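Read off the chains here:
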Amino acid sequence: MATKNDFIKLYREAFRSTRRWDEWFLGEVYREEDMLALEADGKTVSVLLAQPYRVSLYGADLQASYLSCVATAAAERGKGHMSRLMAVAVAQSAARGDAFAMLIPESKRLYFFYGRFGFATAFYVDEQRFTSVHSFIMNDEYVPIEPTFETLEALEKLPGCCVRHTGEDFRRIMRDLEIDGGKVVAVEGPEGSKAMAFARTGDLVTVRALPSTDTVAAEAALAVLRSEVGERPMAVWADPADKVDRLRARGMARIIDASAVLAAVAAAHPKISMAIRVHDPMVEANNAVFVLSHGECRAVPYDGFRKKPDLDVRIDVLAMILFSAPSVASVFDLPGTRPAMHLMLD
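What comes next is a walk through the structure. (Residues numbered from 1 in each chain as written. Predicted model: local features only at pLDDT ≥ 70, side-chain atom pairs only at ≥ 80, totals over all residues. Heavy atoms only, no water.)

## A few points about helix α9 (residues 315–322)
Argument step 1. A large share of α9 lies buried, amounting to six of its eight residues.
Argument step 2. The set of residues buried in α9 consists of I315, D316, L318, A319, I321 and L322. (Buried < 20%, exposed > 50% of the residue type's maximum accessible area, 1.4 Å probe, protein only. Helix = DSSP H or I, 4+ residues; strand = E, 2+ residues; numbered from the N terminus.)

This is the structure in structure tokens:
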């Protein structure tokens, strides 16, 4: 039976961060019940955390798991241990009733590895660079406000798809930034418009999250941040919105419950009328034809559907379509939305 000490040993062997941050994360964020581990020859060889989150998709509140701290003992790498543990993680996510599993690969080469388990690149950022002398516009109708969980909660309820945070998550996010010397600013304007900017500071100021109601509010938040950090170059990880090209991959998503995901799509777009045949080698319940009609979704066994489906896709391709720019998804007669996954303590 794997213990916290087993987790800490593999975690510290795989990742490099400050001791202060490690002590905080392992003491206040890590939970025994979130750990999954694989043993071989009586010792723990691979571990990961599967932390519970909520995802808002077109107004539907769906359950999800965020996989992090994925690590294998150095002497045990290349033996297939993590592949076996990832299969366990997907199975347990399905057993818990998750609609999604999400993760942020530690390096570019790992996107291919996770793709083998049905994960698709779904989270992107529009990385924008500004020189030290760039000025942001502070609209006269906007004023700085105290950054609060209530403001973040309101921004994460906006239409589309967004990973949601709890009040406890927010406290952890603020503590994480405090340890790293980061800053958070917020602004409010007319008709309830709001924005927040979460930044890592240093020679380069990196805005790692910029949730906002609109671009004017976002610009105002950056103006407030500029007034606090002075003349330093700035990188902004902006939401990609409807952009298609020149985006940076940020994370991956796996659809665990196709029925729940497509039900949310159908409810938000009741005019959709189509049949989607899905193939999933890991989650048997997803191997069905999903019929979307009149705002509802029903699953039909392969042998119970006699017509040719409108779309025939693997589970990862379905995620690529649904979590893309609307112009891309429309090619398949489906709606598309760029999902947001901010502030995950990666």
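And the narrative resumes.
## Topic: the pairing of strand β15 (residues 296–300)
Argument step 1. With five bridges joining them, strand β14 (residues 288–293) and β15 adopt antiparallel strand pairing. Looking at the pairing, L292 lines up with C297 of β15.
Argument step 2. With antiparallel pairing between neighbouring strands as the criterion, β14 and β15 make up a hairpin whose turn holds two residues, including H294 at a positive phi of roughly 55 degrees. (Pairing = 2+ DSSP bridges.)

## Section: the sheet that holds β14
Argument step 1. Strand order across the open sheet formed by four strands is β15-β14-β13-β16, with mixed pairing between neighbours. Only two strands of the sheet have a single neighbouring strand rather than two, namely β15 and β16 (311–314). In this sheet, neighbouring strand axes are inclined to one another by 25 degrees on average, regardless of whether the strands run parallel or antiparallel.
Argument step 2. One ladder, built from four bridges, connects strand β13 (residues 274–279) with β16; its direction is parallel. Of the residues in β16, the one forming a bridge with R277 is D312.
Argument step 3. Sheet strands in contact with helix α8 (residues 258–268) are β13, β14 and β15, and its direction is about 15 degrees off that of β14. (Axes fitted to C-alpha atoms, helices over the stretch in contact; angles between N-to-C directions. Contact = heavy atoms within 4.5 Å.)

## Some points on the packing of helix α2 (residues 19–29) against helix α6 (residues 167–179)
Argument step 1. Where α2 meets α6, the axes come as close as 10 Å, and the angle between the chain directions of the two elements is 165 degrees. The angle between α2 and α6 falls in the class roughly antiparallel. You can see that α2 and α6 cross each other, and the crossing is right-handed. Residues R20, W21, W24, E28 and V29 of α2 pack against R172, R175, D176 and I179 of α6. (Parallel < 35°, antiparallel > 145°, perpendicular 65-115°, else oblique. Left-handed = near helix turned anticlockwise from the far one by under 90°.)

## Examining the nonpolar core
Argument step 1. With 43 residues, the main nonpolar core has F100, M102, I255, I276, L292, L318 and L322 as its most contacted residues.
Argument step 2. Looking at this core, the element that brings in the most residues is α8, giving six residues.
Argument step 3. Once residues within four sequence positions are removed from consideration, F100 is found in contact with V55, L57, L62, Q63, A64, S65, S93, R254, I255, I256, V261 and F323.
Argument step 4. By size, the runner-up hydrophobic cluster in this structure holds 24 residues, among which are L38, V45, F119 and I256. (Core = buried A, V, L, I, M, F, W, Y, C linked by side-chain atoms within 4.5 Å.)

## Considering the state of the cysteines
Covalent bonding between the sulfur atoms of two cysteines is what defines a disulfide.
Argument step 1. Within this structure, the stated rule accounts for zero disulfides.
Argument step 2. With no disulfide partner, C162 has as its closest neighbouring cysteine sulfur the one in C161, 7.4 Å distant.
Argument step 3. C162 gets classed as buried once you look at its relative accessible area, which sits at 10%. (Disulfide = S-S within 2.5 Å.)

## Things to note about the side chain of H81
Argument step 1. If you trace the backbone, H81 turns up in helix α3 (residues 81–96).
Argument step 2. On the accessibility criterion, H81 (7% relative accessible area) is buried.
Argument step 3. Engagement of the side chain of H81 in a polar contact is seen with the side chain of R84, the distance being 3.0 Å. (Polar contact = N/O pair within 3.5 Å; in protein donor to acceptor, adjacent residues only side chain to side chain.)

## With respect to the pairing of strand β10 (residues 205–209)
Argument step 1. Judged by how many residues are buried, β10 sits mostly within the fold: four of five residues are covered.
Argument step 2. As defined by bridge partners, strand β9 (residues 194–200) adjoins β10 across three bridges and the pair is classed as antiparallel. Pairing of R200 across the sheet is with T206, part of β10.
Argument step 3. Between β9 and β10, which follow one another and run antiparallel, lie four residues.
Argument step 4. By the bridge criterion, three bridges tie β10 to strand β11 (residues 234–238) in an arrangement that is parallel. Residue pairing for β11: T206 is matched across the bridge by A235.
Argument step 5. Handedness of the crossover is the feature at issue here: the chain leaves β10, passes through helix α7 (residues 215–229), returns alongside β11, and the resulting connection is right-handed. (Right-handed = clockwise from strand over helix to strand, strands pointing away.)

## Brief notes about a nonpolar patch on the surface
Argument step 1. Together, V244, V328, V331 and F332 give the surface a local cluster of nonpolar side chains, amounting to about 330 Å² of exposed area.
Argument step 2. Structurally, F332 can be placed in the segment after α10 (326–329).
Argument step 3. Accessibility expressed as a relative area gives 33% for F332, which makes it partly exposed. (Patch = residues over 30% accessible without salt bridge, like charges linked within 9 Å, V, L, I, M, F, W, Y side chains within 5 Å. Areas by Shrake-Rupley, 256 points an atom, 1.4 Å probe, with all protein chains shown as cover. Salt bridge = Lys/Arg side-chain N within 4 Å of Asp/Glu carboxyl O.)

## Remarks on unusual backbone geometry
Argument step 1. One non-glycine residue, E191, lies in positive phi territory at about 55 degrees.
Argument step 2. Locating E191 in the fold gives a position in the loop between β8 (183–188) and β9.
Argument step 3. Residue E191 is classed as exposed on the basis of its relative accessible area, which comes to 86%.
Argument step 4. A positive phi angle, near 55 degrees, is found at H294, a position not held by glycine.
Argument step 5. Relative to the elements of secondary structure, H294 occurs in the loop between β14 and β15.
Argument step 6. Classification of H294 by relative accessible area gives exposed; the value is 72%.

## Let's talk about the packing of aromatic side chains
Argument step 1. Following the criterion strictly, the structure yields 13 aromatic pairs and no others.
Argument step 2. Judged by centre distance (5.5 Å) and plane angle (45 degrees), the ring pair of Y11 and F15 falls under tilted.
Argument step 3. Looking at Y11, the relative accessible area reads 4%, which means it is buried.
Argument step 4. Measuring from centroid to centroid gives 5.0 Å for W21 and F25, while their planes differ by 10 degrees, and the two rings are stacked. Linking W21 with F25, this pair stays in helix α2, spanning four residues, or about one helical turn.
Argument step 5. For F25, a relative accessible area of 3% translates into the label buried.
Argument step 6. Here the basic side chain of R248 rests over the ring of W237, its NZ or CZ set 4.6 Å away from the ring centre. (Phe/Tyr/Trp six-rings, centres within 6.5 Å; stacked < 30°, edge-to-face > 60°. Lys NZ or Arg CZ within 6 Å of the ring centre and 35° of its normal.)

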